[in-house]
Amino acid sequence: MVTGHSMSTSRERAESRKMHKRSHDNITPSPTTKMSRSTSAAASASASSSGTKEKKKKEKKSINLLRGWPATELLPAEALRAASQTALTDPEIWAPGLEYAPDHGYLPLREALAGWLGTFYGDVKPKAPMRIGDDEGDDELPEQASSLEACMKSPEQEAKGEVEEANEIERITITGGASQSLACILQSFTDPSRTLAIWIVAPCYFLACPIFADAGFGSRMHAVPEDEEGVDLEALQMGMVRFEWAALNNRVQSSSQQQQQPGQWPSPLVAEREGGSSDRRYKNPAPHRKIYRHVVYCVPAFANPSGRTMTLERRKALLGLARRYDALVICDDVYDMLQWQVEAPPSKSTSERKTPGVTATGHDFHKALLPRIVDIDLALGRSKHDPPGKHFGHVVSNGSFSKLVAPGTRTGWTYSTSDFALGLSQTGSTRSGGAASQLAATIVCQLLLPHKSGKADRGGEGNKSRVGRKDSIGDDWEDVGKDEEETDVKMEDGDNNEEEEEVGTCQLDTHIRKTLLPSYARRHALLMRAIRRELVPLGVQLLKGSIAGHEEIYGGYFVWLTMPGKKPGELTVPDSSTIIAGTAMTKRPWPTAQTVAARCKADEDLMIGNGELFAVHGDAFMRFENAIRLCFAWEDEEALVDGVERLGRVLGKMLDEGPEKWGRTGSGMLEVVDQAK
């Protein structure tokens, strides 16, 4: 029951609330209150504006000029699909393809490679083997071999049978790619207690360094500078001599100071001294392998990261040092086939189609311009460092399909003497599971089989090429992508996406010639134009061509830039004849490449390769603090130009700000780089 008192109290409360509301509605806001509301509204508008800007910033496309991958649209997916279907349909292919591989690798691919490599290198390849000197071999290239022709066999030699052709197939092993192959080479032909040092041409492919470290050479990697012709031979020889003398002194001291007790495990720690080496070894290479005293690692053609190509004279001189000091030269020959004429994509004229790839300069870009270092070594035969009855040689060519077909195939090859190839095939992991990439090898092999007719079977690829949109690179190429219909180059002389091809060519030849080379030539040209426009006026420098004396030739994936403000110990800037110099170079301070890279990531969502990434691990002398590597293979054409423009904005802003505002490089940059590879 509700009492009268309760009802009265409720009415009073309701009336009180009404009066309070009327009183509140009649209150006039004070100036302070108005200002507060105005400030609040302004803050809200500012926050909204800031949010819009942040949203726009987040919407900016991320550009990665660090990543050294082929662009996804350039991968031959349809050709690989057709090859896979063939390989997995024919029992003569899939049966061995799904089993363990032979130690040397899938034989049909080795046979196909022997023919394909022979065609590419055949015109410049010295005929091998050729005996020069006595049975023990020579320390270095003799004077009469200073010309390439001196290494080639004469008709008289061939007629008399004085030169026997080695079985090319026996010189080839199938690998899981260049990196896996490098690890196996080090496992089989080096020993930390015997091999004195690893000499790496710098700037270097930085991800090779951990492979050397894993093989026990973490503290014995040494940078060797390069100039416009290639590796600095004087610096390399001085380093080798210093280590040989140190090793000799350590052996003398070891023999006089150490007496091994019966049953005591021999300690190889003496080899850890500078240049140290003892006669005690971790490994027994017999009977199929040997241990080299030195290892030289280089990328002779269109190098990663510098883009340089080692000249013929420098290649021969490097081989001379290797044969004198018992060094193994490991050549990453992964970019040899990716070469073109600077700023001149392939012509569509009938006359040039008859000799595809041949330019006005006389270079056929479908053939090697220089012999591999291994080819010159094979021409000279055995050296005095070869064990009796063996010919291991001093060079191994490390090849890969990653840049030619697709990285995911994880398939490559080595080319060397047959004795070296046999020894490499006896690496423990290879003998246990067979050669790597057996199934992938059966698929890739289909791409190397010669066309059965003059028509190029594109495997249903339906390639309407968009990689060479005009006959020449003119100013109107600045506006990339404005009119796809107008600028696309369609396939010629072919219905159903077929083209006339040379007899003996294969699907991989077609892919390289019709897709990769036109695309990379155009991308490189657009990148170079953007660099000249945006960066050169600031003072940035770059090489014109890959090969000294041949500015019209370029290749590979990368462009190497140098900013002013070089540090002691870095490479000498090439002379003015090979450098495009900036027009606004001053003595003002410049930020380091690492600082620039960090600012590019933070302000422009742009990834670039700062020069310090490409220093040899553990070598404090050459750091490349003022160098930048840009890759033109991964991003599309518009992104390449946009990326250089962003880099130009960052550099210009930093130069205007001065060192006091550059800040420090973030500690997380290494993780960012790892994610971007």
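Residues numbered from 1 in each chain as written. Predicted model: local features only at pLDDT ≥ 70, side-chain atom pairs only at ≥ 80, totals over all residues. Heavy atoms only, no water.

(A) Region of the structure containing the pairing of strand 4 (residues 221-227). Among the 7 residues that make up strand 4, 6 are buried, leaving the element largely enclosed by the rest of the structure. Here strand 3 (residues 197-202) runs beside strand 4; their pairing, made up of 5 bridges, is parallel. Residue isoleucine 198 lies in a different strand from strand 4, and its bridge partner there is methionine 221. In this sheet, strand 5 (residues 230-231) lies alongside strand 4 in antiparallel orientation, the contact comprising 2 bridges. Note that in strand 5 the partner of aspartate 227 across the bridge is glycine 230. Linking strand 4 back to strand 5 in an antiparallel pair, the connection comprises 2 residues. (Buried < 20%, exposed > 50% of the residue type's maximum accessible area, 1.4 Å probe, protein only. Helix = DSSP H or I, 4+ residues; strand = E, 2+ residues; numbered from the N terminus. Pairing = 2+ DSSP bridges.)

(B) Representation of the environment of serine 519 in the model. Note that serine 519 resides in helix 17 (residues 507-534). A C-alpha to C-alpha distance of 8.6 Å links serine 519 and alanine 633, two positions 114 residues apart in sequence.

(C) Molecular detail of the packing of aromatic side chains. The full count for this structure, using the stated rule, is 19 aromatic pairs. Judged by centre distance (5.7 Å) and plane angle (70°), the ring pair of phenylalanine 212 and tyrosine 297 falls under edge-to-face. Of this pair, phenylalanine 212 sits in helix 8 (residues 209-217) while tyrosine 297 sits in strand 6 (residues 294-298), and the two are 85 residues apart along the sequence. Here phenylalanine 212 matches tyrosine 297 in class, with each residue buried. Feature note: the residues Tyr335, Trp340, Tyr520, Tyr554, Tyr557, Phe558 and Phe632 constitute an aromatic cluster, connected by ring pairs. Sitting over the face of the ring of tyrosine 292, lysine 290 holds its NZ or CZ atom 4.3 Å from the ring centroid. (Phe/Tyr/Trp six-rings, centres within 6.5 Å; stacked < 30°, edge-to-face > 60°. Lys NZ or Arg CZ within 6 Å of the ring centre and 35° of its normal.)

(D) View of the sheet that holds strand 2 (residues 172-175). Here we have 8 strands laid out as an open sheet, ordered 2-10-9-7-6-3-4-5, and mixed in their pairing. Lying at the two open borders of the sheet, with one neighbouring strand each, are strand 2 and strand 5. Across the sheet, helix 12 (residues 373-380) touches strand 7 (327-332), strand 9 (395-400) and strand 10 (412-415), and the angle it forms with strand 9 is around 145°. (Contact = heavy atoms within 4.5 Å. Axes fitted to C-alpha atoms, helices over the stretch in contact; angles between N-to-C directions.)

(E) Representation of the pattern of salt bridges. Applying the stated criterion across every chain, the model contains 24 salt bridges. Across the pair arginine 81 and glutamate 78 runs a salt bridge whose closest N-O atoms are separated by 3.0 Å. With arginine 81 and glutamate 78 both in helix 3 (residues 77-89) and 3 residues apart, this pair spans about one turn of that helix. Residue classification places glutamate 78 among the partly exposed residues on the basis of a relative accessible area of 30%. Here glutamate 244 ties to arginine 293 by a salt bridge, and the two come within 3.0 Å at their closest N and O atoms. Remark: arginine 293 occurs in the loop between helix 9 (233-257) and strand 6 and glutamate 244 occurs in helix 9; sequence separation between them is 49 residues. Assessed through its relative accessible area of 6%, arginine 293 is described here as buried. (Salt bridge = Lys/Arg side-chain N within 4 Å of Asp/Glu carboxyl O.)

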